[in-house]
Amino acid sequence: AEGLLEWTVKDGRYDASLAVRMVLLGTRSQTSVGRIGPQGLMPERFGERQRDDAATHFDYEGQRVRFSRNRPDAPLLPGTQDRLSVILQLAVRMQANPPDFEAGRELSMPVASSREVENWRWQVGELETLALPKASVTARHRTRPAMNERDNTIELWMAPTLQHLPVRIRITQSNGDWLDQRLVLAP
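Quick summary incoming for the structure in this document. (Residues numbered from 1 in each chain as written. Predicted model: local features only at pLDDT ≥ 70, side-chain atom pairs only at ≥ 80, totals over all residues. Heavy atoms only, no water.)

### Things to note about the sheet that holds strand β12 (residues 153–159)
Consideration 1: Taken in spatial order, the 7 strands of this open sheet run β8-β9-β10-β11-β12-β13-β14, and their pairing is mixed. Two strands bound the open sheet, and with one partner strand each, they are β8 (81–82) and β14 (178–182).
Consideration 2: Sheet topology places strand β13 (residues 165–172) next to β14; 5 bridges connect them, and they run antiparallel. Each bridged residue has a counterpart across the sheet, and for Thr172 the counterpart in β14 is Trp178. (Pairing = 2+ DSSP bridges. Helix = DSSP H or I, 4+ residues; strand = E, 2+ residues; numbered from the N terminus.)

### Side note on the sheet that holds strand β1 (residues 2–10)
Consideration 1: One open sheet accounts for 7 strands, arranged β1-β2-β3-β4-β5-β6-β7; its pairing is antiparallel. The sheet terminates laterally at β1 and β7 (74–75), the two strands that pair on one side only.
Consideration 2: Pairing between strand β5 (residues 53–59) and strand β6 (residues 64–67): 4 bridges, direction antiparallel. Of the residues in β6, the one forming a bridge with His57 is Arg66.

### Some words on the pattern of salt bridges
Consideration 1: Tallying each qualifying case throughout the model produces 12 salt bridges.
Consideration 2: Of the charged contacts, one joins Glu106 and Arg121 as a salt bridge, the two residues approaching to 2.7 Å between their closest N and O atoms. Pair noted here: Glu106 is in strand β9 (residues 106–112) and Arg121 is in strand β10 (residues 117–131), with a separation of 15 residues, a long-range link.
Consideration 3: Sharing partners across several salt bridges, the network here consists of Glu155, Arg168, Arg170, Asp180 and Arg182. (Salt bridge = Lys/Arg side-chain N within 4 Å of Asp/Glu carboxyl O.)

### Observations regarding the side chain of Asp82
Consideration 1: By the secondary structure assignment, Asp82 is in strand β8.
Consideration 2: Within polar-contact distance, the side chain of Asp82 engages the backbone nitrogen of Ser85 at 2.6 Å.
Consideration 3: Apart from residues lying up to four places away in sequence, Asp82 is in contact with Tyr14, Ser32, Pro43, Arg45, Phe46, Phe58, Val111 and Ala112. (Polar contact = N/O pair within 3.5 Å; in protein donor to acceptor, adjacent residues only side chain to side chain. Contact = heavy atoms within 4.5 Å.)

Right under this line is the structure:
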C-alpha cells in the first residue's frame, strides 16, 4: 500500500488530506478543512471515501456536528476534531505544550467520524528511535486503544524534530489486519 498525507496552512486556515492506495482494494481517502483558532484546529468539514462518500460538518454557531446519510446531529463539544485533524491537532498541542505529552500521561479528545462523536483517549508512550526508509528518527509513541471489539487500535509516532508531525501511523483492525505507514519524504 502507498499513502500520502498532505497538510497546508494559509491565512488562518488549514487543508489536510490522507489517501491510502491498496492493491486490489482501491483507495481510501479522508479530507479535513477548517480554521486555525487560539486552541488549534477548528474543523469545518470532514470527508471520507472508501466505498462511497460521507461528510461531517462542524456548525460552530449552532454548536452541532452534522452528519450525512440522515444520521442524527451530535453536540459540538469544545476541542472536537475529526478522524484526520486529530493527528494534526495532537502535533499542534505537542508543539505548544511538550510537558503535557510526557510518557505515562493520557489525553482525551472528542473526535467525529462520519457517523458519530466519540471520546478518544490517547496514551503517551516513550521516545523511540525508528529506522525509517531514508533515516532514523526519534519519535514519541502514542496509542489510542480500541474502544470496543469492532474498533481499530491507532498508533502514532510523532517526531519532535519535525514539529511533532507523524512519521509512522499504524492502524490495527479488530480482525488483526493492519496498515503501517512510515515516512519516506520529510516535509
